[in-house]
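# A closer look at the structure
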Amino acid sequence: AKLSPNKDDSDIRIETSFNVKNVGKNDDFYTSSCSLQLDVYNSDGKLIDQKLWPEAKGVHTNEVSADNKSIENALKQIKYTWIQNIITEHCQN
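Along each chain, numbering runs from 1 in the same order as the chain's sequence is written. Owing to the predicted nature of the model, reporting of local features is limited to residues with pLDDT of at least 70; listing and counting of side-chain atom pairs is limited to 80 or more, with chain, interface and lining totals taken over all residues. Only hydrogens and water are set aside; all other atoms, that is, all heavy atoms of the structure, feed into the side-chain values.

### Things to note about the pairing of strand E3 (residues 47–60)
The pairing of strand E2 (residues 29–42) with E3 spans 11 bridges and is antiparallel. Note that in E3 the partner of Leu-38 across the bridge is Lys-51. Hairpin geometry of E2 and E3 is characterised by an intervening segment of 4 residues between the two adjacent antiparallel strands and by a positive phi of about 85° at Gly-45. Paired strands, in this sense, are two strands between which DSSP finds at least two bridges. Think of it this way: any DSSP run of H or I at least four residues long counts as a helix, any run of E at least two long counts as a strand, and we number them from the N terminus.

The following block contains the structure:
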């Protein structure tokens, strides 16, 4: 598989969509939630895979840090296994 910043020169392209929202505040802690969608395209631009991940929560003493923590926790869901499976399945030469 080729890794390239140029989408026209890559074997696959992964697009991510994050939806972060404030869930609430309890005492001095804010809670945020992040849902994550990943779309995988082949070199022809055809959608070949899509994954919707369950919401991940983040808790912190301020809203921005709670948002960031929820994004971090959402990314942990996909970091190794799913990305590796996509590369193995769709980028074999």
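### Observations regarding the sheet that holds E2
With antiparallel pairing, the 3 strands of this open sheet are ordered in space as E1-E2-E3. At either end of the open sheet lies a strand with only one pairing partner, and these are strand E1 (12–26) and E3. Here the strands of the sheet are splayed against their neighbours by 15° on average, with no regard to which way each runs. Every axis in this analysis is a line fitted to C-alpha atoms, fitted for helices over the stretch in contact. Angles between the N-to-C directions lie between 0 and 180 degrees.

### Notes on the pattern of salt bridges
Two side chains with opposite charge may pair up if their charged atoms get near one another. The salt bridge definition used is simple: a Lys or Arg side-chain nitrogen within 4 Å of an Asp or Glu carboxyl oxygen. Counted by the stated rule, this structure contains 4 salt bridges. Linking Glu-15 and Arg-13 is a salt bridge whose minimum nitrogen-to-oxygen distance equals 3.0 Å. Throughout, exposure labels follow a simple rule: accessible area from a 1.4 Å probe, protein chains only, divided by the maximum for the residue type, with under 20% read as buried, over 50% as exposed, and the rest as partly exposed. Residue Glu-15 is classed as partly exposed on the basis of its relative accessible area of 33%. Here Glu-72 and Lys-69 are joined by a salt bridge, their closest N and O atoms 3.3 Å apart.

### Notes on the environment of Thr-31
Within the element layout of this structure, Thr-31 appears in strand E2. Looking at Thr-31, the relative accessible area reads 18%, which means it is buried. Measuring from C-alpha to C-alpha, the distance between Thr-31 and Asp-67 comes to 7.8 Å, with 36 residues separating the pair along the chain. With residues up to four places along the chain from it excluded, the contact list for Thr-31 reads Lys-21, Asn-22, Val-23, Gly-24, Lys-57, Gly-58 and Val-59. The contact definition used throughout considers only heavy atoms, calling two residues in contact when any of these lie within 4.5 Å.

### Description of the side chain of Ser-32
Looking at where Ser-32 falls in the secondary structure, it is placed in strand E2. Relative accessible area serves as the criterion here: at 0%, Ser-32 is assigned to the buried category. Whenever two N or O atoms come within 3.5 Å, that pair is a polar contact, provided that in protein one can donate a hydrogen and the other can accept it, and provided that, for residues adjacent in sequence, both atoms are side-chain atoms. Within the structure, Ser-32 has its side chain in polar contact with the side chain of Asp-67 (distance 2.5 Å). Ignoring any residue separated from it by four or fewer positions in sequence, one finds Ser-32 in contact with Lys-21, Asn-22, Val-23, Ala-56, Lys-57, Gly-58, Glu-63, Ala-66, Asp-67 and Ser-70.

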